[in-house]
Amino acid sequence: MTDHISRSYRRPLTLTPTHHNGASQRGPAAHRLEPPRPDLNRPDLPGAVRLGRKRARFTATTRTPALVAAATLAVLIPLAGLAAPAQAAIAGIARAATAGAGTTGVPAGTTLKVHNGDLNITRAGTVISGLDIRGLVKINAINVTIKNSIIRGRSVSAPAALINNLGGRSDLKVIDSELYPSKPSPDINGINGYNFTLTRVDIHGVIDAAHITGSNVTIANSWLHGNLHYVSDPNQGGKPSHDDSIQIQKGSNIKVYGSTLSGSHNAGVQITQDTGDVSNFSFTNNFADGGACTINVAQKSYGPIHGTVIQDNKFGRNTRLLNCAVISPTTTKISTARNYYTPDSKTVAVRTG
């Protein structure tokens, strides 16, 4: 079997570091920091795989048009006996780009102020803007907005997320931001919870980009890519990581549109119904690739998933199971139309499973 992880191409950002006492320090602009690669010799994290990253330089006043956004690159990584990163193998896919390096994340030219430590947001209506957050963010208030910011997290020793909304505080919005951990870990996700909207968000270098545990979630025009994958993951009993671009445990009114999903080992979208019913899930106008099957619907004990719509998408062919863009039990009725593979424009058929 092979694992498929996409590379990313980034924009330069300007950071304003802070002293430990919190005072601002003015000086020459610095580009965003590159977090360290995983230590492949750590006995507790064997077989960590992480892509090298390249930057594309942009002017401070112009976003790169979507038509020249970064193309998805496939990386084939042998799973058996892997002890070091595999070499990248490029398999260019000709497609019309949707969300990518030029349309997601912090806008080029934005000045960021470094915030060291976690943020626990407790005031309703809080707006966070222009921060480079070296810690985790926990949402404990309604109507919170995070925009034009990077969230890098910190070292963790138990399951965590760069943004935690497991309490389901309503109307959380994350806009024009990047979630990318500086400390790679099999315990770290991008965002956990529900009642949130992601708009033009770049999430990469985590196990699950979005781990959904309830209703009212929208992921719009965002780029979920380059998952962190471990051949021997302690959270999976030493088996490979189950990294997904999106995992849905339960919930209704979940929408994904205008987004690019690539670089997951398990699935681009994994509907598990682990803790409850899933219904009214729509996936439209996206590009999606990777995983054993890119969209994997598992009913488990909760029965058919009602109101499922998968339409007007383009799918790559970098799946471990041949021609497996969508797999679902026949008892879940999916409204499908105009789903095509790239680059050959063949129609996608739902595989029974």
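All chains use their own residue numbering, which begins from 1 and follows the written sequence. A pLDDT threshold of at least 70 governs which residues receive local features in this predicted model, and a stricter bar of 80 or more applies before side-chain atom pairs are shown or counted, although totals over entire chains, interfaces and linings include all residues. Processing note: side-chain calculations cover all non-hydrogen atoms of the structure and skip hydrogens and water entirely.

## Some remarks on the overall build of the chain
So, point 1. Every helix listed is a DSSP run of H or I at least four residues long, and every strand listed is a run of E at least two residues long, numbered separately from the N terminus. On a plain count of helices and strands, the chain comes out with zero helices and 36 strands.
So, point 2. Looking at the 353 residues of the chain, the share that counts as buried comes to 56%.
So, point 3. If you take every contact in the chain between residues at least 6 apart in sequence, the share linking residues at least 24 apart comes to 67%.
So, point 4. Residue burial considers only the protein chains on display, and all accessible areas are found by Shrake-Rupley using a 1.4 Å probe. When the accessible surface of the chain is totalled, it reaches about 14,400 Å², and 52% of it is carbon and sulfur. Partly exposed describes any residue whose relative accessible area lies between the buried limit of under 20% and the exposed limit of over 50%, with all areas from a 1.4 Å probe on protein chains only and scaled to the type maximum. When checking whether two residues touch, look at their non-hydrogen atoms; a contact exists if any pair is within 4.5 Å.

## A closer look at the pairing of strand β28 (residues 278-284)
So, point 1. Within β28, five of the seven residues are buried, which leaves the element mostly enclosed by the surrounding structure.
So, point 2. Here strand β25 (residues 251-257) pairs with β28 via six bridges, running parallel. Residue Gly-251 lies in a different strand from β28, and its bridge partner there is Val-278.
So, point 3. Where β28 meets strand β31 (residues 308-311), three bridges bridge the pair, whose relative direction is parallel. The residue of β31 that forms the bridge with Ser-282 is Val-309. Here the rule is simple: two strands pair whenever DSSP picks up at least two bridges between them.

## Here we look at the sheet that holds strand β20 (residues 210-212)
So, point 1. The parallel open sheet is built from 10 strands, whose spatial order is β8-β11-β14-β17-β20-β24-β27-β30-β33-β36. Strands at the two margins of the open sheet, each flanked by one partner only, are β8 (119-121) and β36 (351-352).
So, point 2. Bridging between strand β33 (residues 326-328) and β36 involves two bridges; their strand directions are parallel. The residue bridging Ser-328 from the neighbouring strand is Thr-352, located in β36.

## Some details on the confidence of the model for the chain
So, point 1. The quantity called pLDDT is the predictor's confidence in a given residue, expressed from 0 to 100. When pLDDT is averaged along the chain, the result is 80, and 73% of the positions lie at 70 or above.
So, point 2. Note on residues 1-97: pLDDT is under 50 here. Beyond four places in sequence and across chains, it has 224 contacts.

## Here we look at the packing of aromatic side chains
So, point 1. Only centres within 6.5 Å qualify two rings of Phe, Tyr or Trp (six-membered ring in Trp) as a pair; their planes then separate them into stacked at under 30 degrees, edge-to-face at over 60, and tilted for everything else. Enumeration over the complete set of coordinates arrives at one aromatic pair.
So, point 2. The rule is short: NZ of Lys or CZ of Arg within 6 Å of the ring centre and within 35 degrees of the ring normal puts a charge over the ring. A cation over an aromatic ring shows up here: Arg-317 above the ring of Tyr-341, its NZ or CZ 3.9 Å from the ring centre.

## Observations concerning the nonpolar core
Burial of nonpolar side chains together is a common tendency in soluble globular proteins.
So, point 1. The criterion is simple. A nonpolar core is a set of buried Ala, Val, Leu, Ile, Met, Phe, Trp, Tyr and Cys residues joined through side-chain atoms within 4.5 Å. The biggest cluster of nonpolar side chains holds 53 residues, and the ones touching the most others in it are Val-137, Ile-163, Ile-246, Ile-248, Val-269, Phe-283 and Phe-315.
So, point 2. If we skip the residues at most four places from it in the chain, Ile-248 touches Ile-212, Ile-254, Val-269, Gln-270, Ile-271, Thr-272, Gln-273, Val-278 and Phe-281.

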